Amino acid sequence: MRISLKIWRQDGPADDGRMVDYRLEEVSEDSSFLEMLDLLNEQLIDKGEEPVAFDSDCREGICGMCGVVINGEAHGPERTTTCQLHMRSFDDGDEIIIEPWRADPFPVIKDLCVDRSSFDRIIQSGGFISANTGSAPDAHATPVPKEDADRAFMAAECIGCGACVAACPNASAMLFMGSKVTHLGELPQGQPEREARVLQMTAQHDLEGFGGCTNLGECSRACPKGIPLNVISQLNADYRRAGYGGRD
Amino acid sequence: MATSTAPAPAARKGPPTILLKTVVAVTGVFFVLFVLVHMYGNLQILIGTEAFDEYAHHLRTFGEPMLPEKSFLWVARILLLVSVVAHVWASMSLWRRAGQARRTRYAGKKKVSYGRFYAKAMRWGGLALLAFVVFHILHFTTQTITVDGAYPSPAERVISSFEVWWAVLLYTVAMVFLGMHLLHGIWGAAMTVGLNTSLKRAEQIRFVSIALSTIIVVGFLIPPFAIFFGFIE
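Visitor: Please set out the overall build of chain A residue by residue, giving values where relevant.
Guide: When helices and strands are tallied, chain A shows eight helices and seven strands. Along the first, second and third principal axes, the C-alpha atoms of chain A reach 60 × 35 × 35 Å. Classification of the 248 residues of chain A by burial places 48% in the buried group. Restricting the contact set of chain A to residue pairs at least 6 apart, pairs at least 24 apart contribute 70%.

In structure tokens:
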């Protein structure tokens, strides 16, 4: 198939950036989206041009490294990661607009690569449990009700790709935070730090400059793991129980 | 509360985002309760103009002789005014934060947007409602604006106004805006206070937001249309 591309090119963090048009012939519809970009880059290198920088790692939809906005949709038209998107989801002759995640807390490093260290800092502020190292406890030492375990597992599916922020009209990271808060808060091991976690993570979230959730559901729709919007309500519920940050 | 060893992050200037959202949600719940009572008062006109005038008078003498005249009314008015200021201020702060969070916009446009039109109209729709509330107060409370002459009786003011087509149209449009705002507002408020914690809860909240918005819009529109089509004179 033949496609025309409009790709965001930006030489570095300080560059203003611009959209650049490319044309690709003979793209197999069985190739993945990232293979299509690889093909483009091979041609650019042959011509002596700078290849398009984009992130990818596992290319099997589990690491959360890849992610671009395709025709205005985070990870493109299918509910999956960019690496698991295939060219058969597009038609011959289509114009495809490719942009990086757009959020001020995700500054562009180059072309389609963004710096998501803000997510790391949110996790460092409270997205963990403290456990003694040494011999691992028996798996059945602390029983967990099945429903709680299921909900924790559902939330734990978050791969931190940042599609929720990219899709949110407010560039809010509350689906990401809600996933972590729900994941750890549903389990006994997450209880001792539960209040501190939500307060510190939300404070870091605000400090990074993410916006506030307006409950539209764009994030959940864009999430390659289909994490439901109710984790955000869980985040709000935990925040309320922690006294809105006003308690010492 | 358990303390972690991680250093506390320096706080962003201004109130926490979730606190601002909660201010919007709680004041919003207060407005929902207010419009329900307001709607009940309006529907008195179906019983008769005397019942309506009596209800209006009772609002002024509510709590007498324990409370002085109009004291209840003024407490309610002040509470509402404070809530409106808080609701608008918190929403505007969040709006500004959202704008700062994405200063470069996308060139590509989504083909299908998951967010509903009424949900995306919250901000400018809310400002339109605010403009309507100002007009409404100038019209019926201070009587600075008269639609079809001035009358001493509240019921006569209502009936004379809604015999005029453009007043009916204006109030109908305003009620459609109110319905849209409530449809997403009730859902959002429930989300923000942390009620939506399962898929079943989400369905229940959806149901309540649809039911309440419909009841309020229909309840408010019955009197103007009944007057316009001559069922009440």
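Visitor: Tell me what's going on with the interface of chain A and chain B, and back it up with residues and numbers.
Guide: Across the boundary between the two partners, chain A contributes 47 residues, which contact 48 residues of chain B. When its residues are assigned to classes, the side of chain A that touches chain B shows 17 nonpolar, 20 polar and 10 charged.

Visitor: Report on unusual backbone geometry, specifying residues and quantitative values.
Guide: The residue after E64 of chain B, namely P65 of chain B, is reached through a cis peptide bond having omega 5°. Note on placement: P65 of chain B falls in the loop between helix 2 (49-61) and helix 3 (71-101). With a phi close to 65°, H75 of chain A is a non-glycine residue in the positive phi region. For H75 of chain A, a count of 26 C-beta atoms within 10 Å corresponds to the buried category.

Visitor: I'd love a proper account of the pairing of strand 1 (residues 3-9) of chain A, names of residues and values included.
Guide: Sheet topology note: the strand 1 of chain A/strand 2 (residues 18-24) of chain A ladder contains seven bridges and is antiparallel. Pairing of L5 of chain A across the sheet is with Y22 of chain A, part of strand 2 of chain A.

Visitor: Any details on helix 5 (residues 174-185) of chain A? Residues and values, ideally.
Guide: One turn of an α-helix holds 3.6 residues; hence residues three or four places apart share an orientation. Residue and element names in this part refer to chain A. Between its first and last C-alpha atoms helix 5 spans 15 Å; for 12 residues at 1.5 Å apiece the expected length is 16 Å, and the two agree. Counting buried positions along helix 5 gives 12 out of 12 residues, so the element sits mostly inside the fold. When helix 5 is considered as a whole, its buried residues turn out to be M174, L175, F176, M177, G178, S179, K180, V181, T182, H183, L184 and G185. Residues of helix 5 that are buried sit in contact with helix 2 (117-126), helix 3 (146-156), helix 4 (163-167), helix 6 (194-208), helix 7 (218-222) and helix 8 (230-241).

Visitor: Requested: an account of the environment of N41 of chain A, with residues and values cited.
Guide: All names here are of chain A. Within the secondary structure, N41 sits in helix 1 (residues 33-46). For N41, a count of 16 C-beta atoms within 10 Å gives the class partly exposed. Each residue touching N41, except ones within four places of it in the same chain, is listed here: P51 and V52.

Visitor: Go over the sheet that holds strand 2 of chain A with me, naming the residues and quoting the values.
Guide: Residue and element names in this part refer to chain A. Reading across from one edge, 2-1-5-3-4 is the order of the five strands in this open sheet, with mixed pairing throughout. Each edge of the open sheet carries a strand with a single partner, namely strand 2 and strand 4 (73-74). Inspection of the sheet shows strand 1 paired to strand 5 (residues 95-99) by four bridges, in the parallel sense. Across the sheet, I7 pairs through a bridge with I98, a residue of strand 5.

Visitor: For the confidence of the model for chain B, give the residues involved together with the corresponding values.
Guide: Detailed conclusions should not be drawn from predicted coordinates in areas where pLDDT is low. Taken residue by residue, chain B gives an average pLDDT of 92. The fraction at 70 or more is 95%. In the predicted assembly, ipTM is 0.91 and pTM is 0.93.

Visitor: Outline the environment of E54 of chain B, supporting the account with residue identities and numerical values.
Guide: Here E54 of chain B shows up in helix 2. For E54 of chain B, a count of 15 C-beta atoms within 10 Å gives the class partly exposed.

Visitor: Outline the domain arrangement of chain A, supporting the account with residue identities and numerical values.
Guide: Residues and elements named next belong to chain A. By domain assignment, chain A separates into domain 1 (3-109) and domain 2 (116-130 + 142-245). Computed from C-alpha coordinates alone, the two centres of domain 1 and domain 2 are separated by 28 Å. Listed by partner, the interface residues are 18 residues for domain 1 and 17 residues for domain 2.

Visitor: With reference to specific residues and values, describe the nonpolar core.
Guide: In this structure, C164, V165, A166 and L175 of chain A are the most contacted members of the largest nonpolar core, which totals 86 residues. The leading source of residues in this core is helix 7 (residues 165-192) of chain B, at 10 residues. Here this core spans two domains, since at least three of its residues come from each of domain 1 (3-109) and domain 2 (116-130 + 142-245) of chain A. With near-sequence residues (within four places) excluded, L175 of chain A lies in contact with C164, C219, S220, C223, I227, V231 and I232 of chain A.

Visitor: Which residues make up the packing of helix 2 of chain A against helix 6 of chain A, and what values do they have?
Guide: All names here are of chain A. Look at helix 2 against helix 6: their axes get within 7 Å of each other, and the N-to-C directions meet at 155°. The orientation of helix 2 with respect to helix 6, classified from their angle, is roughly antiparallel. The element helix 2 and its partner helix 6 pack so that their crossing is right-handed. Residues S118, R121, I122, S125 and G126 of helix 2 form the contact with helix 6, whose participating residues are A196, R197, Q200, M201, Q204, H205 and E208. Among the residues forming the contact of helix 2 with helix 6, the class breakdown is three nonpolar, six polar and three charged.

Visitor: Please provide a residue-by-residue account of the confidence of the model for chain A, values included.
Guide: Of all residues in chain A, 99% attain a pLDDT of 70 or more, and the chain-wide mean is 95. The least confident element of chain A is helix 7 of chain A, whose mean pLDDT is 95; the most confident is helix 5 of chain A, at 98.

About the cut-offs
Note on numbering: residues in each chain are counted from 1, in written sequence order. Think of it this way: whatever chain is written first is A, whatever ligand is written first is 1, and the rest follow in order. Only residues with pLDDT of at least 70 get local features here, since the model is predicted, and only at 80 or more are side-chain atom pairs given and counted; chain-wide, interface and lining totals rely on the full set of residues. Numbering of helices and strands runs from the N terminus; a helix is a DSSP stretch of H or I covering at least four residues, while a strand is a stretch of E covering at least two. With C-beta atoms placed from the backbone, a residue is labelled by how many other C-beta atoms lie within 10 Å of its own: buried for 20 or more, exposed for 12 or fewer, partly exposed between the two. For every residue pair, C-beta atoms are placed from the backbone, and the pair is scored as a contact if these atoms sit within 7 Å. Gly is placed with the polar residues, together with every amino acid not listed as nonpolar (Ala, Val, Leu, Ile, Met, Phe, Trp, Tyr, Cys and Pro) or charged (Asp, Glu, Lys and Arg). Strand pairing is assigned whenever DSSP identifies at least 2 bridges connecting the two strands. By this rule the span expected of a helix is its residue count minus one, scaled by 1.5 Å. The quantity known as pLDDT measures the predictor's confidence residue by residue, on a range of 0 to 100. Domain start and stop positions are those given by an automatic or database domain assignment. Linking buried Ala, Val, Leu, Ile, Met, Phe, Trp, Tyr and Cys residues through C-beta atoms within 7 Å yields a set, and such a set is a nonpolar core. Axis lines are fitted through C-alpha atoms, for helices just across the contact stretch, and the angle between N-to-C directions can take any value from 0 to 180 degrees. With respect to orientation, any angle under 35 degrees is reported as roughly parallel, any angle over 145 as roughly antiparallel, any angle of 65 to 115 as roughly perpendicular, and every other angle as oblique. Should the near helix be turned anticlockwise from the far one by less than a right angle, the crossing is termed left-handed; should it be turned clockwise, right-handed.

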